[in-house]
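Structural description and commentary
Each chain is listed here by its residues.
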2 protein chains.
Amino acid sequence: MKGNQTMTQNCLGTIRSSYSKFSEKEKKIADYILEKPETIIHRTINEVADDLNIADATVFRFSKRIGFKGFQAMKIALASEVITPVRSIQEEITEEDIEKNLTEKIFKLNIRSLQNTLGSIDNQSIKKAIDLIQHANRIEFYGSGLSSIIAMNASFKFMSIGMKASACMDSNLQTISASNLTKNDVAIIISHSGSNQDTITILKTINETGAKTIGITSSLNSPISLNVDIALYTSTEETENLPAGFSSQITQLALIDALCSSIIKIKKKLPQK
Amino acid sequence: MKGNQTMTQNCLGTIRSSYSKFSEKEKKIADYILEKPETIIHRTINEVADDLNIADATVFRFSKRIGFKGFQAMKIALASEVITPVRSIQEEITEEDIEKNLTEKIFKLNIRSLQNTLGSIDNQSIKKAIDLIQHANRIEFYGSGLSSIIAMNASFKFMSIGMKASACMDSNLQTISASNLTKNDVAIIISHSGSNQDTITILKTINETGAKTIGITSSLNSPISLNVDIALYTSTEETENLPAGFSSQITQLALIDALCSSIIKIKKKLPQK
DNA sequence: AATTTAGATGAAAAAAATTTTCATCATATG
DNA sequence: CATATGATGAAAATTTTTTTCATCTAAATT
C-alpha cells in the first residue's frame, strides 16, 4: 500500500483527530475547512489565506502538517471526501426525457436521503447498537411487507460475515421466532413507518423475552421507536413518484451495511480464537 | 440553482455523452480520463499532456470544452466523482471514532455509487427496458446469493404497483421458472459481477424460451451483460470495509425504483380500462 | 531577569503550473 | 484554387503554489 499514488488520505478525519495539537492559526484553518469543506475546493490558497487574514505560506504549511504534498493535494482529497450536489442542467424537458428525468429524480432522492440520514445519525446510538450486536448470541431480524425483505437481506449479510443471524419473511414464523429469543439475543426491528401493526405485536413478544432490541425506522416518535432499546433513524422523503416505503429501503440498507462494516472491523482486531 | 459555486458538474457523464463530438486529440484525452479517472487527479496538466504526447494547451481546451473553468476545476470535479480508496494511516484514531468514521465512509461510498451510476446511465437502454416491461405479460426476476434478495425485493415492488411479477430465491425453482417463460415475458437478471455461474446457466435457459432479457450488473463486459437484450449498468466501488457486492445492492435497488416510478407514471397516463 | 532556543508566522522570492496568445497546419467550402 | 474554419502546438503571460529567509513569540535555561 505504501506510496500508492492513487490513494488519497482522509483529510477531514485527520484534521479532526489532530485538532488539539494545532497552533492558533492552524486551528483557524481547521475550523474554516471543517465548517464548510466544500468552499475550499473552489478557492486558491491565496483566497483562503485572505479569507482568514493569514499568510498563504501558513495555509501551505497546514496542508503539509496534516500529511499532504501541498495545498493542491489537500484540495483533491477534500473534493473526494465532500459530497458535492450534482448540477442538473436540463434546459428543456421533452416527452422523450420522461424516463431520464424520473430516473434522475429517484437517484437524487436517494442521494439526499443518504445525506440527510448521515447528517442526523446519532453516533452514540450506533456505538451502542454495535456493542449489542457484537456481544449477541444471535441476531434476529423482523419486518413486515417490504421491510421483511430488508430483514432477510440483513440476515444474509450478517450471516456472511460470520454472525449467527436469521430472519423469516412469514409473519407467523416471525412470531414463533420472537417468542424463542433469550436475554442474550438481539432483535433488529425494521419498519419504515414505525407503526406497522404486525411488527408492533411482534415487538411486544420480543420485549417479553428480555432480548435486546434495535429499531430502524423513519419516525422517531413511532410506537416501535419508543419501545426498543436503541432507535436508529433513517431519514427519507416521500415522493409522488413512488409508493411510500420504497426509498426508505436504501437508507435502511446503508445503515445495515454500516453496522456490518463496523462488526467486520472489530472482528479483525480481535485475537483469532 | 444557476451559478451556485458549490455545485460541481458531472465530468465523466459529460465526457461520455459528448464523446462522439470530440476531435481526435480530444478523444485521446477522453479515453485517458475514462480509462483511469483516478490517475489524472494526481497529475499536472503538463504530465497529462506528456503522457498523451499532445500540447498542454490542448488538454486545457478540453477542460473548457466540456464546461469547466479550467484544468483545475475539472480535476476537482473528477476527484469528487471518482472513487479513491481512502488511505488509512490515521496515526491514532480513538476507539470512539471507529464507528462514526466507518458509518460515514459507508454512506459516502453509497452516495458516490449512486452519483456515478446516475452519471453513466444510458437513457436509451432505460427507455427500452421500460418499454419491454410495460408491454410484458409477466416479469420474472433472477439472481443468486445477495442478488436473489434484490430479485425478491424487485418482484415485491413490481407486484405492488400492479404488475404480474415474481421471483424465487431457490436456484432450482429459478431454473424451473425460467424454462416456463414465453416470448411475451420479460426476465430481469441481477448479478453484481455479471459472471455468477448459476445465473449464467439460468440465462441460457431463459434465452431458449425467447423471453426478453434485461441484465443489471456492475460489469459491462461480463457474460451476463453480453447475453441479455438490454444491459443496465450500476457503478459501484469495492471497499476493504465490506464484502464485495454489498454496496452494489443499493444502486441496484435505486435502478429498480427508477424503473418502477416510470411504469407508475406511464400507467397513470393510460386511460383506465 | 537576561539569554537562548525552538517553533510559528509573514513577506518576498523562486518555482511550478495554468492559461492565453499567436502562428501554423489541415480540412472543408465556395 | 483561394479562402475560411477549426484544431493544434509553441511560447509568452499570468496565476498559483512552494520555498526561503527574516522576524517575532513564548518557553526553557542560565
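Anyway, here's the lowdown on the structure attached to this text. Remember, it's a predicted structure, so these values are computed and weren't measured experimentally.

Some details on the overall build of chain A
The secondary structure content of chain A amounts to 13 helices and six strands. Considering chain A as a whole, with its 273 residues, one finds that 55% of them fall into the buried category. Within chain A, contacts between residues separated by at least 24 positions form 67% of all contacts whose residues are at least 6 apart in sequence. Approximately 12,400 Å² of chain A is accessible, and the part contributed by carbon and sulfur atoms is 50%.

Quick look at the protein's contact with DNA strand D
Taken together, the neighbourhood of DNA strand D is formed by 17 residues, with Ile-45 and Phe-71 of chain A together with Lys-25, Thr-58 and Arg-61 of chain B sitting nearest. One of the side-chain nitrogen or oxygen atoms of Lys-25 of chain B is found 3.0 Å away from a phosphate oxygen of DNA strand D. Within the backbone of Ala-55 of chain B, one N or O atom sits 3.1 Å away from a phosphate oxygen of DNA strand D. Here the surface near DNA strand D takes four residues from helix H5 (residues 56-65) of chain A, the largest share from any one element.

Some remarks on the sheet that holds strand E5 (residues 212-217) of chain B
Sheet strands pair via backbone hydrogen bonds, and the direction of the pair is either parallel or antiparallel. All names here are of chain B. Pairing is parallel across the open sheet formed by five strands, whose spatial order is E3-E2-E4-E5-E6. Each end of this open sheet is capped by a strand with a single partner; those strands are strand E3 (165-167) and strand E6 (230-233). Sheet twist, expressed as the average angle between the axes of neighbouring strands with direction ignored, equals 20°. Pairing geometry for strand E2 (residues 139-143) and E3, over three bridges, is parallel. Each bridged residue has a counterpart across the sheet, and for Phe-141 the counterpart in E3 is Ala-167.

Some points on the pairing of E6 of chain B
All names here are of chain B. What you see with E6 is a clean split: Ile-230 and Leu-232 sit on the buried side and Ala-231 and Tyr-233 on the side with no burial. Inspection of the sheet shows E5 paired to E6 by four bridges, in the parallel sense. From the neighbouring strand, Gly-215 faces E6, where its bridge partner is Ala-231.

A few points about unusual backbone geometry
Residue and element names in this part refer to chain A. Here Asn-53, not a glycine, exhibits a phi torsion of approximately 60°, which is positive. By secondary structure assignment, the location of Asn-53 is in the loop between helix H4 (45-52) and H5. On the basis of relative accessible area, Asn-53 is assigned to the exposed category, the value being 70%.

Rules used in this analysis
Residues numbered from 1 in each chain as written. Chains lettered and ligands numbered in written order. Predicted model: local features only at pLDDT ≥ 70, side-chain atom pairs only at ≥ 80, totals over all residues. Heavy atoms only, no water. Helix = DSSP H or I, 4+ residues; strand = E, 2+ residues; numbered from the N terminus. Buried < 20%, exposed > 50% of the residue type's maximum accessible area, 1.4 Å probe, protein only. Contact = heavy atoms within 4.5 Å. Areas by Shrake-Rupley, 256 points an atom, 1.4 Å probe, with all protein chains shown as cover. Near = heavy atom within 4 Å. Polar contact = N/O pair within 3.5 Å; in protein donor to acceptor, adjacent residues only side chain to side chain. Pairing = 2+ DSSP bridges. Axes fitted to C-alpha atoms, helices over the stretch in contact; angles between N-to-C directions.

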